[in-house]
Amino acid sequence: MAPSIDRQGYWGRPTSTLDWCEENYVVSSYIAEFWNTVSNLIMILPPIYGAVQTFRDGLEFRYICSFLGLSAVGVGSWCFHMTLLYEMQLLDELPMIYSTCVFVYCLRFSLQQNSSWPNSLNCSKHLLVDCFRSKCGSSFQVMYGALVACLVMRSVFIVTWVYPWLRGLCYTSLGIFMLGFLLWNIDNIFCDSLRTSRQVLPPGVGVVTQFHAWWHIFTGLGSYLHILLSLQIRSTYLKYRPKVKFLCGVWPTLHIEPQKTS
């Protein structure tokens, strides 16, 4: 992690248990980690559109919660990196646990006709209690990693044995997420070297070395694609006709059409 030797700004001295590699209050005195903050837009705006589209298509409420959960993660991460306050750190980490529980639920019951939505989320209560007790340190990372592992195993099972034509979307989502995880580790391990390089590189080039911001971008995109995968699995099981379309020719969205009747 980054040393706490950065300049002071509007939000005062950081109180969070983590301070990332981006230098604090360099771009703006109102935003502690500028690039780590604005990179969260990819987790805020596209999922809101996805939630609206899912509502219009009349799909189950849990998929709207999936999109809104990802947006909540983006908002929490925005507040955390903007302030580096412990309260905002909780606002970042707790939605990650909650939203991933929703992802696990959606995928776990995607191939069943009916399921109990509230009762299947009881696991999140115990996860959050443990998280508060540990001040969301390493315990949070272990819990989040375990939930992601559940998603990966379930996704691979479905695209291997049930809907093999969805392998492309599944492995694309997983690959993008893992690329973000790799950059997250590089940012942590080589922080001192990255900070030194930014002092000699032109500002426009130095921005590219903000690997924690890239972690937000790639994991945000990977998580969004996972929701699309989960939606495709569910809508295919319910005999709808899911169709991937690209907003402005760039951003993937999923539109659900009713099954044709003879």
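Residues numbered from 1 in each chain as written. Predicted model: local features only at pLDDT ≥ 70, side-chain atom pairs only at ≥ 80, totals over all residues. Heavy atoms only, no water.

Here the structure, examined in full by the defined rule, presents one disulfide. Covalent S-S linkage joins Cys-21 and Cys-191, the inter-sulfur distance amounting to 2.4 Å. Residues Cys-21 and Cys-191 are joined through a disulfide that is right-handed, its torsion about the S-S bond being 105°. You can see Cys-21 sitting in the segment before α1 (34–38) and its partner Cys-191 sitting in helix α8 (residues 191–200), a full 170 residues away along the chain. Cys-21 gets classed as buried once you look at its relative accessible area, which sits at 2%. With no disulfide partner, Cys-65 has as its closest neighbouring cysteine sulfur the one in Cys-106, 7.9 Å distant. (Disulfide = S-S within 2.5 Å. Helix = DSSP H or I, 4+ residues; strand = E, 2+ residues; numbered from the N terminus. Buried < 20%, exposed > 50% of the residue type's maximum accessible area, 1.4 Å probe, protein only.)

Attention now moves to the confidence of the model for the protein. The predicted model of the protein has a mean per-residue pLDDT of 86, with 85% of residues at 70 or higher. Looking at the elements of the protein, mean pLDDT is at its lowest for helix α5 (residues 122–133), recorded as 48, and at its highest for α1, recorded as 97. This model gives residues 127–137 a pLDDT under 50, and the stretch forms 21 contacts once residues within four places in sequence are excluded. (pLDDT = per-residue confidence, 0-100. Contact = heavy atoms within 4.5 Å.)

All right, on to the environment of Met-143 then. Residue placement: Met-143 occurs in helix α6 (residues 138–161). Met-143 sits 46 residues away from Ile-97 along the chain, and the two C-alpha atoms are 7.6 Å apart.

It is worth spelling out a nonpolar patch on the surface at this point. Taken together, the side chains of Leu-41, Leu-45, Ile-48, Val-52 and Leu-68 make up a nonpolar region of the molecular surface, amounting to roughly 410 Å² of accessible area. Counting residues per element, the nonpolar patch draws most heavily on helix α2 (residues 41–57), which supplies four residues. Take Leu-68: it is sitting in helix α3 (residues 61–83). In this structure Leu-68 comes out as partly exposed when scored by relative accessible area, which is 44%. (Patch = residues over 30% accessible without salt bridge, like charges linked within 9 Å, V, L, I, M, F, W, Y side chains within 5 Å. Areas by Shrake-Rupley, 256 points an atom, 1.4 Å probe, with all protein chains shown as cover. Salt bridge = Lys/Arg side-chain N within 4 Å of Asp/Glu carboxyl O.)

This part covers the pairing of strand β1 (residues 241–247). Bridging between β1 and strand β2 (residues 251–257) involves seven bridges; their strand directions are antiparallel. Across the sheet, the residue bridging to Lys-245 is Thr-253, located in β2. The turn linking β1 back onto β2 is made up of three residues, and Cys-248 within it adopts a positive phi angle of 60°. (Pairing = 2+ DSSP bridges.)

Applying the stated criterion to the full structure yields three salt bridges. Salt bridges sharing partners connect three or more residues here, namely Glu-60, Arg-62 and Arg-234.

Let's shift gears to the packing of α2 against α3. Relative placement of two packed helices is described by the angle separating their axes and the distance separating the axes. The interhelical angle for the contact between α2 and α3, taken along N-to-C directions, is 160°, at an axis separation of 8 Å. Considering the angle they form, α2 stands roughly antiparallel to α3. The two elements α2 and α3 cross, and the hand of that crossing is left-handed. The residues of α3 that touch α2, namely those facing Leu-41, Met-43, Ile-44, Pro-47, Ile-48, Gly-50, Ala-51, Thr-54 and Phe-55, are Tyr-63, Ile-64, Phe-67, Leu-68, Leu-70, Ser-71, Val-73, Gly-74, Val-75 and Trp-78. Tallied by class, residues from the contact of α2 with α3 come to 15 nonpolar, four polar and no charged. (Axes fitted to C-alpha atoms, helices over the stretch in contact; angles between N-to-C directions. Parallel < 35°, antiparallel > 145°, perpendicular 65-115°, else oblique. Left-handed = near helix turned anticlockwise from the far one by under 90°. Nonpolar A, V, L, I, M, F, W, Y, C, P; charged D, E, K, R; others polar.)

A separate point is the UniProt feature "binding site: Zn(2+)" (unreviewed entry) in the protein. Under the local residue numbering, the UniProt record ascribes the feature "binding site: Zn(2+)" (unreviewed entry) to His-81, His-212 and His-216. Across 136 residues, the annotated set stays spatially compact, with a maximum C-alpha separation of 11.3 Å. Relative to the elements of secondary structure, His-81 occurs in helix α3. Given a relative accessible area of 1%, His-81 falls into the buried group. Those residues within four positions of His-81 in sequence are excluded, and the remaining contacts are Trp-20, Ala-32, Glu-33, Asn-36, Thr-37, Asn-40, His-212 and His-216. Here His-212 is to be found in helix α10 (residues 211–237). Residue contacts for His-212: discarding those within four places in its chain leaves Trp-20, Asn-36, His-81, Trp-184 and Asp-187. (UniProt positions renumbered as here; feature names shortened; annotations may be inferred.)

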